[in-house]
Amino acid sequence: MPFTATVLTMFPEAFPGPLGVSLIGTAWREKGLWALETVDIRNFSEDKRGFLDDTPAGGGPGAVLKADVVARALDSVSGSGRPLLYMSARGRPLTQARVKAWSQANGITVLCGRFEGVDQRVLDARGFEEVAVGDAVLAGGEAAAMLVIEACVRLLPGVLGQADSLSSESFEDGLLEHPQFTRPRSFEGLEIPEVLVSGDHKKVAQWRQEQREQTTRERRPDLWAAHLAKSQLKGAKARGE
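What counts as what
- Residues numbered from 1 in each chain as written.
- Predicted model: local features only at pLDDT ≥ 70, side-chain atom pairs only at ≥ 80, totals over all residues.
- Heavy atoms only, no water.
- Helix = DSSP H or I, 4+ residues; strand = E, 2+ residues; numbered from the N terminus.
- Rg over C-alpha atoms; globule rule 2.2 N^0.38 Å.
- Buried < 20%, exposed > 50% of the residue type's maximum accessible area, 1.4 Å probe, protein only.
- Contact = heavy atoms within 4.5 Å.
- Areas by Shrake-Rupley, 256 points an atom, 1.4 Å probe, with all protein chains shown as cover.
- Lys, Arg positive; Asp, Glu negative; His and termini not counted.
- Charge placed at Lys NZ, Arg CZ, Asp CG, Glu CD.
- Expected span 1.5 Å × (residues − 1).
- Pairing = 2+ DSSP bridges.
- Axes fitted to C-alpha atoms, helices over the stretch in contact; angles between N-to-C directions.

1. Side note on the overall build of the chain
Thinking step 1. Each helix and strand in the chain was counted, giving seven helices and nine strands.
Thinking step 2. In terms of C-alpha radius of gyration, the chain reaches 22 Å, well past the compact-globule figure of 18 Å for 241 residues.
Thinking step 3. Expressed as lengths along the three principal axes of its C-alpha atoms, the size of the chain is roughly 70 × 50 × 40 Å.
Thinking step 4. Counting every position in the chain, which comprises 241 residues, the buried fraction comes to 40%.
Thinking step 5. Summarising the internal contacts of the chain: among those between residues at least 6 apart in sequence, 74% fall at separations of at least 24.
Thinking step 6. Counting every atom, the chain has about 14400 Å² of accessible surface; 52% of that belongs to carbon and sulfur.
Thinking step 7. Between the averaged position of the 29 positive side-chain charges in the chain and that of its 32 negative side-chain charges there is a distance of 4 Å.

2. Concerning helix H5 (residues 142-153)
Thinking step 1. Over its twelve residues, H5 extends 16 Å from the first C-alpha to the last, a length consistent with the 16 Å expected when each residue adds 1.5 Å.
Thinking step 2. Most of H5 is tucked away, with nine of its twelve residues classed as buried.
Thinking step 3. Here H5 has its buried residues at Glu142, Ala144, Ala145, Met146, Val148, Ile149, Ala151, Cys152 and Val153.
Thinking step 4. On the buried face of H5, the contacting elements are strand S1 (3-9), helix H1 (22-29), strand S2 (34-40), strand S5 (84-93), helix H3 (96-103) and strand S6 (107-112).

3. Regarding the pairing of S5
Thinking step 1. Two elements, S5 and S6, share four bridges in a ladder whose sense is parallel. Paired with Met87 across the strands is Cys112, a residue of S6.

4. Remarks on the sheet that holds strand S7 (residues 129-132)
Thinking step 1. Spatially, the five strands line up as an open sheet ordered S2-S1-S6-S5-S7, and their pairing is parallel. In this open sheet, the two strands that pair with only one neighbour each are S2 and S7. Going across the sheet, the axis of each strand differs from the next one's by a mean of 35°, ignoring polarity.
Thinking step 2. Lying on the sheet, H5 is in contact with S1, S2, S5 and S6; it crosses S6 at an angle near 170°.

Next up, the structure:
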């Protein structure tokens, strides 16, 4: 069985969206390297009016997806042992390390919330990991689910044309990626950095590393601090300290 992404959502028509195009889409539709399935949460309401939600316990605005409805939707899905992910602004941040771990499973099951969220009891009872894709709030979890699925699928063997390109990407070693350039050599008065057309591979590698460090230091001081700490620990171990 290929890696399977199962999405629990109120809006299955939102999929595949961008997952159906380019190399990701080809790997799904033509190569069968991964599979996508959607489950419509609305089909699991036992309310005569089809309601999936109710008012928040303790009062307050909005509505909350009911635990029993979500549980029935999840229990209809095969594939036990997969990571269960709930897309939530209050979740732990999405990282490349988490994505790599999920991509090594036989698939993921992703719950897309709506309204004020999902009853916490079903998240706890079923063992969902809450995942945030950024410090922003979306109207629902569908866009975030697509992001997570694409991040996992692109790591699967055979999905990307050049697998070796993955090793130099942002986050793979704790640093952001260096800037990229291609022809034409001159664009609106801006030139490709001379070192990149010098043919000196050692200098190119050095320039790229310097750019990665500078970009990370300026844009992600949190990553830079972690990188420095890791480097200092590695140095201490090398010295036998």
